Amino acid sequence: MPVISVITAVFEGGHAYLPDAYESIAAQTLPPGWAWEWVVQEDGRSGRPAAALPSDDRVRYATGGRGGAGVARTLGLARAQGQIVRALDADDLLTSGALARDIQTLIANPESGWCISACLDLLPDGSFAAGPYDPPPGRLEGAWLREQYERDQFPVVSTHLTARTPLVRALGGWPALPALEALALVLACSAVSSGRMIAEPGGIYRKHADQTTAQPDYHREAEFAAMRRSILTRLDALAMSGWRYSTEKDALQ
């Protein structure tokens, strides 16, 4: 039975919304013959976030040394059993039908290694807001995405990436950056494989005072400049290699 693996990184103190995330996964209706698993990886070894998880054989929890969200997701990737992986932050939600649309998009576009859907911001007052730069549905190319990133107008919410598992593994998973690791993986995927944009929102990005990106010390100019160089030089190296990911051996049914 083919499986889609939802991968979530969580840290102690950042697990309050895990029950909501689980409910959004459990409510998904998948294409016939498909199943899901939820790979939850703690960024740390406390074990405490496990108390927020339900008793469900499809939920698989593990701990590991602290290294940030990218490291935790990559540790989770090692345990993923699915042919497809789908990122989901610990405080985010899937919309109804999101996983089915991801699966069907990759089946219908066998040349594409990844896809991503529009995302809605859930604001503290309970209202929703669409992304300001959402691209139209259809093919996404790496050169255009890089151009938008360099303009500081990156058009997609990277933490809701869905990709063929071998592609993510071939790229080494999420890079060990202190931030921007999700964006970096989307750009790396796009550098070696075309992607698809799904117009219907597939994720809900919860904005709240406790989220990592809302903390006063999150954006440090020198650190972000170094991360930007890391991301762009990686793209340059991938382009120089001439390597393109082939989906011929990971056809989905």
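Structure: see above.
Only a predicted model underlies this, so the values are computations on that prediction, with no experimental measurement involved.

### Let's talk about the pattern of salt bridges
When the charged atoms of two side chains with opposite charge come close together, those side chains can pair. In this structure the tally under the stated criterion is 16 salt bridges. The partner of Asp20 in a salt bridge is Arg206, with the nearest N and O atoms 3.4 Å apart. Of this pair, Asp20 sits in helix α1 (residues 18–26) while Arg206 is found in strand β10 (residues 195–206), placing the two residues 186 residues apart along the sequence. Overall, Asp20 belongs to the partly exposed group, its relative accessible area being 37%. Taking the shortest distance from any N to any O, the salt bridge between Glu37 and Arg60 comes out at 2.8 Å. A residue pair is termed long-range when its members are at least 10 positions apart, and Glu37 in strand β2 (residues 35–42) and Arg60 in strand β3 (residues 59–62) qualify at 23 residues. The class of Glu37 is buried, set by a relative accessible area of 4%. The network of salt bridges with shared partners includes Arg73, Asp89 and Glu181.

### What about the packing of aromatic side chains?
Scanning the model with the defined rule gives four aromatic pairs in all. Measuring from centroid to centroid gives 6.4 Å for Tyr22 and Trp36, while their planes differ by 70°, and the two rings are edge-to-face. Of this pair, Tyr22 sits in helix α1 while Trp36 sits in strand β2; the two residues are 14 residues apart in sequence, bridging distant segments of the chain. Judged on exposure class, the residue Tyr22 and its partner Trp36 are both buried. Joined through ring pairs, the aromatic side chains of Tyr22, Trp36 and Trp38 make up one cluster. Sitting over the face of the ring of Tyr149, Arg228 holds its NZ or CZ atom 4.7 Å from the ring centroid.

### Considerations on unusual backbone geometry
Its identity is not glycine, yet Asp152 carries a phi of approximately 60°, on the positive side. Structurally, Asp152 is set in the loop between α4 (142–150) and β9 (161–164). Phi angles above zero are rare outside glycine, and Leu180 is one such case at about 65°. With respect to the helices and strands, the residue Leu180 is situated in the loop between α5 (165–170) and α6 (181–192).

### Thoughts on helix α7 (residues 221–241)
With 21 residues, α7 should reach 30 Å at 1.5 Å per residue; the first-to-last C-alpha distance of 30 Å fits that figure. Buried positions along α7 lie against α4 and α6. Among the residues trailing α7, Gly242 stands out with phi positive, at a value near 75°.

### Some points on the pairing of β10
Counting buried positions along β10 gives nine out of twelve residues, so the element sits mostly inside the fold. Summarising the sheet, strand β6 (residues 114–122) and β10 pair through eight bridges and their orientation is parallel. Bridging from a neighbouring strand, Trp114 pairs with Gly195 of β10. Two strands pair when backbone bridges link them, and strand β8 (residues 138–140) and β10 are joined in this way by three bridges, in the antiparallel orientation. Bridge pairing in β10 places Arg139 opposite Arg196.

The rules behind each value
- Residues numbered from 1 in each chain as written.
- Predicted model: local features only at pLDDT ≥ 70, side-chain atom pairs only at ≥ 80, totals over all residues.
- Heavy atoms only, no water.
- Salt bridge = Lys/Arg side-chain N within 4 Å of Asp/Glu carboxyl O.
- Helix = DSSP H or I, 4+ residues; strand = E, 2+ residues; numbered from the N terminus.
- Buried < 20%, exposed > 50% of the residue type's maximum accessible area, 1.4 Å probe, protein only.
- Phe/Tyr/Trp six-rings, centres within 6.5 Å; stacked < 30°, edge-to-face > 60°.
- Lys NZ or Arg CZ within 6 Å of the ring centre and 35° of its normal.
- Expected span 1.5 Å × (residues − 1).
- Contact = heavy atoms within 4.5 Å.
- Pairing = 2+ DSSP bridges.

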